[in-house]
Amino acid sequence: MKTIIRFRNLLLAIAALAVLVAIPFSERLSFDQRIESFFADDHSDVRILKRSQADFGSDEFVIVAWSEPQLFALEGQAAEAGMSLEQILDMPDLVPTLEEAAAERIRVLAGRLNAIPGVRPEKTRHLAGFLQDAPRSRNTRRALLRLFEGTLVGADGHTTGIILVLDPAVQGGSAREAMFDGIRKTAADFSSEAAVAGEPVQVFDMFQMVEQDSRQLFIVSLVILSAVLLTMFRSLRWMLAPVGLVLGSVVATRALLYASNLQLSMVGSMLNSLLTVIGIATVMHVIVHYRDLRLSSPGDDIAQRIMIAVQTLRELGWPVFWTCATTAVGFGSLFVSRITPVRSFAMMMCLATAVVLVACAAVLPATLASGRHVRIPPRVPLESWLDRILAVTCSTLNRHPISTALACLLIIGAAVPGIFMLTIETDFSRNFRESSSIVQSLRFVESHLGPAGSWEVAFDAPEELTDEFLEDISELTERLRLISPDRSLLQVLSLTDITDLPPRIFGPVRTLERMKRQYPELIRSFYNPETHRMRIVLRSREQQPSESKERMINEVKTTVENFFFDVPEGEAGYTASGMFVLLTRVIESLNADQLNSFLCASTGILISMTIAFRSLRIGLISLLPNIFPVAVLLGSLGWLGIPTNIGTAMIASVSMGLTVDSTIHYITAFERARRESSITEALHIAHGSAGRAVVLAQLALVAGFLVLTASRFIPLVYFGALMSVSLVTGVFGTLVLLPVLLKWTTPAETTNA
């Protein structure tokens, strides 16, 4: 440590230079905005989706919907207000047509939307285009309108929409942002009530909000943390050191990730916030310990200050190393996840933790020893009250250890059943605030037009289509419709709906040939004659409970499996996939991985703590204070009926990795005091030193994390709030449960009585 102190200014200069060099590279770190990035490239659902896109073209579509008061014409007059589509179609001897003004408005808007780069105009669908090319037959037109009900026309008879198919080459970046901005602006200019919805819009908005909010709120949280630290220590030195360490670590980590050809994902957006936790907590422990040594030292000359700096680093060097190591173990447990961004996030956080450790070695020596006049960090306002509370708490624990342990067991026992009541939030619109444009648009589309979630059932077709085969597919289509007769929950669109259009006198195959000449792109979207693949398209309501989504997916798969009983499921036979399924599977996979990663984190921390303190006893008792906040947090979510989302699905492993830091510092302080004191006295000393640092660090971090609750992206709100709760309950585990365990398990003998 003396060598590090001797070259402290050189180390700080090298670190500062490295950060300056890293800044431009850190800014180049990109953000992977594909929902497919949540899965490995060889994941079955992703392979199936890519095959479907190759067979039938891109399924990325955007719905632009609005209310057209006079949409249909009835015998030369506009339909009466309030008439539903069914009422209009049931009018005798009526050939359904659009009001000329309404048809022209639809064509004009479609033309403007088609001019936006990224939109494929040849695939744009709207009611005016279909009815213009349709025969003047009353029955044919009625069948067409019933076919397009829920996609191009609403059941209310006056809501209509335009479906835009997006160019799959436009993925992420400024081009995609310009495309969606252009669609929204064009729709808003056309009608102030126009809604723009669709899964690509939801996914894009999600990634945009995560990227923008995580960066902006990180800056805000740093400002708040700076103010809190300045209020605590009333000195720029003790404020700039932790803030500078966090900023430098973030820049260096992002630059290293860029150099490693990695990309940030939605999960990785938490990188900055978690680095803040690790950095601030570590520095806070060092500052408080340095202050205690300075206050207990009789002299205050330069030599004395340097000696105290050396002593501080010597006594906290190993604890800091092991806090970083156990934090890395906690995040490293996420490597067991089947979700690609989660595994990448695990690697990122392991790298980030190593960067924080290096940053501590470069920044802290100069912070503690450089300068002719290094002020002693002053006592925090109300710290005397904190000292009294900690002293009373420790005395109470020493007098009533059994009652305290029973109280902790009662809390855990009450919380654990809630873990088994946890539900999964797969309604993707719940990731956004109710007031957001995407939620308002999605609600309009799904309440006035039809379901916005898209998926499919694809299967092999014979080289030559026959009437018998198409009749079988018609039967399958009807079976799928029986799953949910409510068209607002599930719509089923099939090629046989087109072959059933009147007149039917020539049979399905002949009708298909006729329709292929009129609507080639529509037919191509259902059937690829080159690959001999056919599909049935399903539209499902996005805004519905996760149980309903999962039940619907399983019922569709069961229905298809029973129909194709002699055909294998998978790429060689029938498949069920799509964005609706992928979005549902993301959270399910995260939650399914949570138990495995939690077990890995617990095992890794047990091994690390056993090695760090050379004691299996310490390793075992260190687990309980860190399992405590996880059990209380997840159990509370279950009891309160709060569904888990992307922001909560990894909270167990993340919480374990972060709260163990306090445990290490407390046990280190206790073991150091035990060399010359009794168990009771050592607990009082640990409570008054490490315990104080734990509380001060967590208070500062909670103030920073609560900033995330201002995010527009709900999972970030959850993450900020739950991390704050986790930090608070972690303090309880460290300062209440851990001392009781140490009192009961520590041998009574002392090495130096």
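Residues numbered from 1 in each chain as written. Predicted model: local features only at pLDDT ≥ 70, side-chain atom pairs only at ≥ 80, totals over all residues. Heavy atoms only, no water.

This part covers the overall build of the protein. When you go through the protein residue by residue, the secondary structure sums to 27 helices and 12 strands. In the protein, buried positions account for 59% of the 753 residues. For the protein, restricting intrachain contacts to residue pairs at least 6 apart in sequence, the fraction spanning at least 24 positions comes to 82%. Surface summary for the protein: the accessible area is close to 30000 Å², and the carbon and sulfur share equals 61%. Between the averaged position of the 65 positive side-chain charges in the protein and that of its 72 negative side-chain charges there is a distance of 12 Å. (Helix = DSSP H or I, 4+ residues; strand = E, 2+ residues; numbered from the N terminus. Buried < 20%, exposed > 50% of the residue type's maximum accessible area, 1.4 Å probe, protein only. Contact = heavy atoms within 4.5 Å. Areas by Shrake-Rupley, 256 points an atom, 1.4 Å probe, with all protein chains shown as cover. Lys, Arg positive; Asp, Glu negative; His and termini not counted. Charge placed at Lys NZ, Arg CZ, Asp CG, Glu CD.)

Attention shifts here to the pairing of strand S6 (residues 159–165). Here S6 lies mainly inside the structure; seven of its seven residues are buried. The two faces of S6 match: Thr159, Gly161, Ile163 and Val165 on one face and Thr160, Ile162 and Leu164 on the other face are all buried. Relative to S6, strand S1 (residues 61–67) is paired through seven bridges, and the arrangement is antiparallel. Looking at the pairing, Ile63 lines up with Ile163 of S6. Where strand S5 (residues 125–126) and S6 come together, two bridges link them in antiparallel fashion. In the strand pairing of S6, Arg125 is matched with Ile163. (Pairing = 2+ DSSP bridges.)

It is worth spelling out the packing of aromatic side chains at this point. Two numbers describe a pair of aromatic rings. These are the distance of the centres and the angle of the planes. A full pass over the atoms with the stated rule returns 13 aromatic pairs. Note on Phe25 and Tyr258: the rings are 6.3 Å apart at their centroids and 35 degrees apart in plane angle, and the pair reads as tilted. Residue Phe25 is located in helix H2 (residues 8–27), and its partner Tyr258 is located in helix H10 (residues 236–259); the two are separated by 233 residues in the primary sequence. A relative accessible area of 34% means that Phe25 is categorised as partly exposed. Here Tyr258 falls in the partly exposed class, since its relative accessible area comes to 30%. Members of the aromatic cluster, each reached through a chain of ring pairs, are Trp318, Phe321 and Trp322. The ring centre of Trp385 lies 5.0 Å from the NZ or CZ of Arg388, which sits over that ring. (Phe/Tyr/Trp six-rings, centres within 6.5 Å; stacked < 30°, edge-to-face > 60°. Lys NZ or Arg CZ within 6 Å of the ring centre and 35° of its normal.)

Let's shift gears to a nonpolar patch on the surface. Taken together, the side chains of Ile402, Leu406, Leu409 and Trp744 present a nonpolar region at the surface, about 460 Å² in accessible area. Looking at the nonpolar patch element by element, the count peaks at three residues for helix H15 (residues 401–419). Summarising the element assignment, Leu409 is placed in helix H15. Judged by relative accessible area, which is 56%, Leu409 ranks as exposed. (Patch = residues over 30% accessible without salt bridge, like charges linked within 9 Å, V, L, I, M, F, W, Y side chains within 5 Å. Salt bridge = Lys/Arg side-chain N within 4 Å of Asp/Glu carboxyl O.)

One finds Leu127, Ile183 and Met534 to be the most contacted residues of the largest nonpolar core, which totals 228 residues. In this structure Leu127 touches Leu71, Phe72, Leu98, Leu145, Phe148, Leu152, Val153 and Thr160, once residues within four positions along its chain are discounted. (Core = buried A, V, L, I, M, F, W, Y, C linked by side-chain atoms within 4.5 Å.)

Here we come to helix H13 (residues 340–369). With 30 residues, H13 should cover 44 Å at 1.5 Å per step; its first-to-last C-alpha distance of 44 Å lies within 8% of that length. Approximately 30 degrees is the largest bend angle found in H13, and it occurs at Val363, with the proline Pro365 only one to four residues beyond. (Expected span 1.5 Å × (residues − 1). Bend = angle between axes of the 7 residues up to and from the residue.)

One can find Thr327 in helix H12 (residues 302–332). At a separation of 2.9 Å, a polar atom in the side chain of Thr327 contacts the side chain of Asp661. What Thr327 contacts, discounting residues up to four positions off in sequence, is Ile278, Thr353, Gly657, Leu658 and Asp661. (Polar contact = N/O pair within 3.5 Å; in protein donor to acceptor, adjacent residues only side chain to side chain.)

Let us look at unusual backbone geometry. Not every positive phi belongs to a glycine, and Asn261 is a case in point at roughly 60 degrees. Note that Asn261 resides in the loop between H10 and helix H11 (271–296). The class for Asn261 is exposed, based on a relative accessible area of 72%. With phi around 70 degrees, Leu382 is a residue other than glycine that occupies positive phi space.

Counted by the stated rule, this structure contains 29 salt bridges. Between Asp55 and Arg533 there is a salt bridge, with the nearest N and O atoms lying 4.0 Å from each other. Taken together, the positions of Asp55 in helix H3 (residues 44–56) and Arg533 in strand S11 (residues 533–540) put the pair 478 residues apart, joining distant regions of the chain. The residues Asp55 and Arg533 share a single accessibility class, namely buried. Through salt bridges with shared partners, one network takes in Arg291, Asp292, Arg379, Glu383, Asp387 and Arg692.

On to the packing of helix H25 (residues 679–688) against helix H26 (residues 690–705), then. At a minimum axis distance of 3 Å, the contact between H25 and H26 shows a crossing angle of 30 degrees. Between H25 and H26, the angle falls in the class roughly parallel. Where H25 abuts H26, its residues Ala686, His687 and Gly688 lie against Ala690, Gly691 and Arg692. Grouping the amino acids of the contact of H25 with H26 by side-chain chemistry returns two nonpolar, three polar and one charged. (Axes fitted to C-alpha atoms, helices over the stretch in contact; angles between N-to-C directions. Parallel < 35°, antiparallel > 145°, perpendicular 65-115°, else oblique. Nonpolar A, V, L, I, M, F, W, Y, C, P; charged D, E, K, R; others polar.)

On average, the protein scores 85 in pLDDT, and the residues at 70 or more come to 94%. Summarising per-element confidence for the protein, the mean pLDDT is lowest in strand S3 (residues 77–78) (53) and highest in helix H5 (residues 100–114) (94). (pLDDT = per-residue confidence, 0-100.)

This brings us to the sheet that holds S6. The strand order across the open sheet built from four strands is S5-S6-S1-S7, with neighbouring strands paired in antiparallel fashion. One side of each edge strand has no neighbouring strand; the edge strands of this open sheet are S5 and strand S7 (195–197). On top of the sheet, helix H16 (residues 437–448) reaches S1, S6 and S7; it is set at about 95 degrees to S7, its chief contact.

Across the eight residues of S11, eight count as buried, placing the element largely inside the fold. Of the two faces of S11, both are covered, the one formed by Arg533, Arg535, Val537 and Arg539 as well as the one formed by Met534, Ile536, Leu538 and Ser540. Pairing of strand S8 (residues 453–460) with S11 involves eight bridges; the strand directions are antiparallel. Across the sheet, the residue bridging to Asp460 is Arg533, located in S11. Two strands pair when backbone bridges link them, and strand S9 (residues 490–493) and S11 are joined in this way by four bridges, in the antiparallel orientation. For Gln491, the partnering residue across the bridge sits in S11 and is Arg539. Strand direction decides the pairing type here: strand S10 (residues 527–528) and S11, joined by two bridges, are antiparallel. What sits directly across from Tyr527, in S11, is Met534. Between S10 and S11, which pair antiparallel in sequence order, lie four residues; one of them, His532, sits at a positive phi of approximately 60 degrees.

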